[in-house]
Amino acid sequence: DVKVTQSSRYLVKRTGEKVFLECVQDMDHENMFWYRQDPGLGLRLIYFSYDVKMKEKGDIPEGYSVSREKKERFSLILESASTNQTSMYLCASSFPQPNSPLHFGNGTRLTVT
Amino acid sequence: AQSVAQPEDQVNVAEGNPLTVKCTYSVSGNPYLFWYVQYPNRGLQFLLKYITGDNLVKGSYGFEAEFNKSQTSFHLKKPSALVSDSALYFCAVRDGYSSASKIIFGSGTRLSIRP
């Protein structure tokens, strides 16, 4: 079974802190994604990566950056956390074929105070 | 631009009755459509995907989806609902054919099955 592991289940940070969310997948997937999930808004794409060191902006990249130095790991960075970044963050991975489904981690619930 | 819509925030069904969760899409070219389910405090799980040429696609947990090209819909169905089907359901569409394409999600539909 594909396993996508997010390093933290719950995280509480203070406004202005730099925050790192880590995601690791074990299926040699080329594509990796970061979404945030908010009630009533569904999932919104922050960034995705289709290869090592490659990244593409999603729909809401402002205030975030990403890093993909190794194929299995995709990190989301909040440069200076703000309260409006309190959310559930979901990492996913997939093969590059257009009909390949995403495999999700269990999510990180981030609270910024 | 590609988009996907789930017109119902919530669907309520009695156990044993058939259920339908609606999804409509807008794409240019062939659609790559998916359904996912999310149980409380968990990530999303893949349920099924559209396969070109099949108007009825079968997936996990007894779910199926009906593809209708003229109505640009991909509704999720199950003949007989279970209480354990209560969860949040998302429809998604792939934004293009390349490896650099995005996957866009609908806003989600909460399915509630009463005993």
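Use the structure listed above.
Residues numbered from 1 in each chain as written. Chains lettered and ligands numbered in written order. Predicted model: local features only at pLDDT ≥ 70, side-chain atom pairs only at ≥ 80, totals over all residues. Heavy atoms only, no water.

(A) Local environment of the interface of chain B and chain A. With 24 residues of chain B in contact, the opposing surface of chain A contributes 26 residues. Carbon and sulfur atoms make up 56% of the surface buried where chain B meets chain A, a total of about 2000 Å² over both sides. On the surface where chain B and chain A come into contact, there are one salt bridge. On inspection of chain B and its partner chain A, the count reaches seven residue pairs in polar contact (both at pLDDT 80 or more). (Contact = heavy atoms within 4.5 Å. Buried area = accessible area lost by both parts, 1.4 Å probe. Salt bridge = Lys/Arg side-chain N within 4 Å of Asp/Glu carboxyl O. Polar contact = N/O pair within 3.5 Å; in protein donor to acceptor, adjacent residues only side chain to side chain.)

(B) How the structure looks around the pattern of salt bridges. Residues and elements named next belong to chain A. Within this structure, the stated rule accounts for ten salt bridges over all chains. Between Glu 69 and Lys 53 there is a salt bridge; the shortest N-O distance is 2.4 Å. Taken together, the residues span a long stretch of sequence, with Glu 69 in strand 7 (residues 64-70) and Lys 53 in the loop between strand 5 (42-49) and strand 6 (56-57) at a distance of 16 residues. Across the pair, exposure class does not vary: Glu 69 and Lys 53 are exposed alike. What emerges from the salt-bridge pattern is a single network uniting Asp 28, Glu 30 and Lys 71. (Helix = DSSP H or I, 4+ residues; strand = E, 2+ residues; numbered from the N terminus. Buried < 20%, exposed > 50% of the residue type's maximum accessible area, 1.4 Å probe, protein only.)

(C) The side chain of B:Lys102, seen in detail. With respect to the helices and strands, the residue B:Lys102 is situated in strand 11 (residues 102-105). We classify B:Lys102 as buried; its relative accessible area is 17%. One polar contact links B:Lys102 to A:Asp59, side chain to side chain, over a distance of 3.1 Å. If we skip the residues at most four places from it in the chain, B:Lys102 touches A:Leu45, A:Phe48, A:Asp59, B:Val93, B:Arg94 and B:Asp95.

(D) Quick peek at the pairing of strand 4 (residues 31-38) of chain A. Residues and elements named next belong to chain A. Along strand 4, eight of the eight residues are buried, which leaves the element largely enclosed by surrounding structure. On strand 4, burial covers both faces: Asn 31, Phe 33, Tyr 35 and Gln 37 on one face and Met 32, Trp 34, Arg 36 and Asp 38 on the other are all buried. Note: strand 4 against strand 9 (residues 87-94), seven bridges, orientation antiparallel. Note on strand 9: the bridge partner recorded for Tyr 35 is Leu 90. Relative to strand 5, strand 4 runs antiparallel, the two sharing seven bridges. Paired with Asp 38 across the strands is Gly 42, a residue of strand 5. Linking two consecutive strands that pair antiparallel, namely strand 4 and strand 5, is a turn of three residues; a positive phi of about 80° is found at Gly 40 within it. (Pairing = 2+ DSSP bridges.)

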